[in-house]
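Examining the three-dimensional arrangement
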Amino acid sequence: MSVQPGSGQGHAIDTLFSEERRYAPPPDFARQANAQPDIYSKSFDEFWTDEAQQRVSWFEPFEKLYEWKLPYAKFFLGGKLNICYNCVDRHVEAGAGNKVAYYWEGEPLGERRVVTFEQLQKDVVKLANGLKRLGVKKGTPVGVYMGMVPELAVAMLACARLGAPHNVVFGGFSADSLSGRLNDMECEVLITQDESWRRGKTFPLKAVANEALASAPSVKHCVVFGRTGNPVEMKAGRDVWWDELVTPASDDPASCPCEPLDSEDLLYLLYSSGTTAKPKAIAHTTGGYLVGVATTHHYIFDVKPDSIYWCAADIGWVTGHSYIVYGPLCNQTTGVIYEGTPDYPDRDRWWDIIERYKVDILYTSPTAIRTHMKWGPEHAQKHDLSSLRLLGSVGEPINPEAWIWYREHIGGGKAPVVDTWWQTETGAIMISALPGITTTKPGSATRPFPGVEAAVYNNAGEEVGPGGAGYLVLKKPWPSMLRGFYRDPERYQQTYWSRFPGVYFAGDGARVDEDGYFWLLGRVDDVINVSAHRISTIEIESALVDHPAVAEAAVCGRADATTGQAIVAFVTLKGGAEGSPEMMTTLRDHVAKKIGAIARPANIVFTPELPKTRSGKIMRRLLRDVAEHRPLGDTTTLADAGVVDEIASRGRELLAKGEEE
Ligand code: WT7
């Protein structure tokens, strides 16, 4: 493939990669699918009105679908509902109390719990009663800092029951990140736990919370769930054990009815993980959010009443909020929650879980898939994964080779793969295949979900035609969209609504092909400019991962006197192999052959790991610092700060040698 005609100067992004493989939905899957082809023929108004009525129980019906006062939208105006009622109580009322809501698997082997909808309701009601005793009521901001235990979902649902907006902070963040978020929202209560399990070790949640609370004066009460039972410091008057709070509380739902909320009442704030900038306090409200997550969950994951669905993300990210807690529970789905890491005690832990619970739907990230690729398919081969009938991906562009590996080694070459594009801001999936309808192409998120109007614009703000690339925008509001940044309307306006008038600027590059399929190209901040060609990181990375020796790759630009920028690639080889000068030549040539000489990396740095955020996104910003010999920028969101030092030292050597290239 070579650079397409007309590319170069003036174009937002040039595209080089071409992927020819196609996978039509298997006919038996297509026949039984929740989404049938006529789903695309409904109008926006009709689609969202029907879904809102079908998927959600309203205490009072909404009067108007939406109102759009740029840049703020409201949905389901006049409607009254409660999310906890929709996710829990109504299922028990409908006679599904004995259905399993969550199979929970602790990290230490053999620790398992089964939580039915009836049990979930009792737990939620008890906690909500306990929180009420601490003064929590409609509108009280509550922080949550926990590990992956069912009680994390219970905490969120108890808040939703009372109408108290929550602010879940990922249970691996530092005391500073936690206090920053608690202070920003002025949380009055924090719900945490003694410790969590991670890769065979305990993580001291309560100790971190104690440090955070020392500088979070708005927090008057701290509820502590006992998970490991190891001693922790409790502050008298402020701290209370979860058990002591809930033991005397009633579990009768009538003792703590679900608060009727307005569609537009605040459900939660969630701070985006941020690969490029300071975290943003993203606000989601009640009605539109629930309709958005329940609808997308139903159609995209093709969830059935007897499904065993596993979203292997952390509840601390939006993926977990929308697709472990709210969407699946609203749809009365049985889910799996796993507490720990995929390699504890061995690298087959995930596959063991899938085999045990006969999981039929798995939703994970490209990072996780590439990690399993790096470890090799033999771990999955030890287990019977034949229950899987659908695979999902989210979080980053997925390289075609990782997509194929996922389909072949995990999905047995038959399960459809849905690559789902969305953001913390969008609340729910915006671009995705519908598994019974869409012929998929590895690496493409395919088409906008019904009721979503996505487009790609060039620099001038014109919609590009088929084959064009540029900036991904959303042209119409959607029910689960963010309602702004908490108390920062200017930054909200600036971030999404100022690049192109009247449309939502997602900050991602994208290409649309002849079939109208979307190919996500990564964050526009990461685009590399080589001799006036604007090249997206994902295409070069995918060409590298296409080589059988490569497990993972990340590229970035460094300043170059001749070409403006030169491409630097950071590569992890499969099976822990070390790099060599021969491998470097091979890979540089491989990229040139795959997508053109313009994309041939100037330097390749071999590294055992890439720097990633705690949610698994590659931080190319830090790689740029390494490539340009700058001191490293903010590393606080890194999952493992040691990785980047290691890369920096390897990078320094190689880049010093390679600079004459
Ligand atoms: C950013 C949003 C949405 C849940 C988890 C991440 C990237 C996400 C895809 C995908 C290509 C993707 C984008 C997006 N992204 N999914 N399927 N293909 N890129 O939420 O932390 O708010 O990140 O993740 O760059 O803007 P988030």
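Residues numbered from 1 in each chain as written. Predicted model: local features only at pLDDT ≥ 70, side-chain atom pairs only at ≥ 80, totals over all residues. Heavy atoms only, no water.

Thoughts on the overall build of the chain
Definition in use: Here a strand is any run of E in DSSP of at least two residues, a helix any run of H or I of at least four, and the numbering for each starts at the N terminus. With C-alpha atoms as the basis for the radius of gyration, the globule rule is written as 2.2 Å multiplied by the number of residues raised to the power 0.38. Between buried and exposed lies partly exposed: a residue is buried under 20% and exposed over 50% of the maximum accessible area for its type, with that area taken using a 1.4 Å probe on protein chains only. Here a residue-residue contact requires only that any non-hydrogen atoms of the pair lie within 4.5 Å. Only the protein chains shown count as covering a residue, and every accessible area follows the Shrake-Rupley method with a 1.4 Å probe.
Of the regular secondary structure elements, the chain holds 19 helices and 29 strands. The globule rule puts the C-alpha radius of gyration for 661 residues at 26 Å, and the 24 Å found for the chain is close to it. Dimensions of the chain, computed from C-alpha atoms along their principal axes, come out at roughly 70 × 55 × 50 Å. Every one of the 661 residues in the chain was classed for burial, and the buried ones make up 63%. Within the chain, contacts between residues separated by at least 24 positions form 72% of all contacts whose residues are at least 6 apart in sequence. For the chain, the accessible area works out to roughly 23,400 Å², and carbon and sulfur atoms hold 50% of it.

Description of the site of the ligand
Going by this rule: Put simply, a residue is near a molecule or strand once any heavy atom of it comes within 4 Å of that molecule or strand. In the analysis that follows, any N or O atom pair within 3.5 Å is treated as a polar contact, provided that within protein one partner can donate a hydrogen and the other can accept it, and provided that, for residues neighboring in sequence, both atoms belong to side chains.
Surrounding the ligand, one finds 18 residues, the nearest of these being D419, T420, Q423, T424 and D508. Contacts to the ligand include G395, whose backbone N or O atom sits 3.0 Å from a nitrogen atom. Between T420 and the ligand, the recorded distance is 2.7 Å, taken from a backbone N or O atom to a nitrogen atom. Alone, the ligand offers 550 Å² of accessible surface; in the complex the protein occludes 92% of this.

Considering the packing of aromatic side chains
As a reminder of what qualifies: To pair, rings of Phe, Tyr and Trp, with the six-membered ring standing in for Trp, must have centres within 6.5 Å; the planes then decide the type, stacked if under 30 degrees apart, edge-to-face if over 60, and tilted in the middle. Geometrically, a charge over a ring is one whose NZ (Lys) or CZ (Arg) sits within 6 Å of the ring centre while staying within 35 degrees of the ring normal.
For the coordinates displayed, the defined rule picks out 40 aromatic pairs. Between W58 and F76, the ring centres sit 5.5 Å apart and the planes meet at 55°, which makes this aromatic pair tilted. With W58 in the loop between α2 (44-55) and β1 (64-69) and F76 in strand β2 (residues 72-77), the pair connects residues that are 18 residues apart, well separated along the chain. Note on accessibility: W58 and F76 belong to one class, buried. Both rings, one in F485 and one in Y492, keep their centres 6.0 Å apart while their planes meet at 70°; by these two values the pair is edge-to-face. The same class applies to F485 as to Y492, namely buried. Grouped by ring-pair contacts, the aromatic residues W68, Y72, W478, F485, Y492, Y496, W497 and Y504 constitute a single cluster. Of note, K441 hangs over the ring of Y517, and the distance from its end group to the ring centre comes to 4.3 Å. Over the ring of Y471 we find R499, and its NZ or CZ is 4.9 Å from the ring centre.

Digging into the environment of G516
Relative to the helices and strands, G516 is located in the loop between β23 (504-512) and β24 (518-523). Separated by 289 residues in sequence, G516 and R227 place their C-alpha atoms 49 Å apart.

Some remarks on the packing of helix α3 (residues 83-96) against helix α10 (residues 318-330)
Heads up, the rule is: The convention used is that axes are lines fitted to C-alpha atoms, helices contributing only their stretch in contact, and that angles between N-to-C directions extend from 0 to 180 degrees. Any angle from 65 to 115 degrees is called roughly perpendicular, while one under 35 is roughly parallel, one over 145 is roughly antiparallel, and all others are oblique. Definitions for this section: a left-handed crossing has its near helix turned counterclockwise from the far helix by less than a right angle. A right-handed crossing has that turn clockwise. For this scheme, ten residues count as nonpolar: Ala, Val, Leu, Ile, Met, Phe, Trp, Tyr, Cys and Pro. Four count as charged, namely Asp, Glu, Lys and Arg, and the remainder, Gly too, count as polar.
Two elements in contact, α3 and α10, have axes separated by 8 Å at closest approach and are oriented at 55°. Relative to α10, the element α3 is oriented oblique. Seen from above, α3 lies across α10 with left-handed handedness. Residue-level inspection shows I83, N86, C87, R90 and H91 of α3 in contact with α10, the latter providing Y326, L329 and C330. Here the contact of α3 with α10 is built from residues that sort into five nonpolar, two polar and one charged.

A short note on helix α14 (residues 400-410)
Most of α14 is tucked away, with nine of its eleven residues classed as buried. Three or more residues of α14 are buried, namely P400, E401, A402, W403, I404, W405, Y406, R407 and I410.

So, unusual backbone geometry
The linkage connecting L70 with the following residue, P71, adopts the cis geometry, with an omega of 0°. By secondary structure assignment, the location of P71 is in the loop between β1 and β2. The omega torsion across Y344 and P345 is -10°, close enough to zero to call that bond cis. Structurally, P345 can be placed in the loop between β17 (334-338) and α11 (349-357). Phi at S531 takes a positive value of approximately 45°, unusual for a residue other than glycine. Within the element layout of this structure, S531 appears in the loop between β25 (528-530) and β26 (533-535). Judged by relative accessible area, S531 falls into the partly exposed class, the value being 39%.

Some points on the environment of W403
Its place among the elements puts W403 in helix α14. Note on W403: relative accessible area 1%, which makes it buried. Separated by eleven residues in sequence, W403 and G392 have C-alpha atoms that sit 9.8 Å apart. With residues near it in sequence (within four places) discarded, W403 still touches Y23, I398, V417, T440, K441, P442 and G443.

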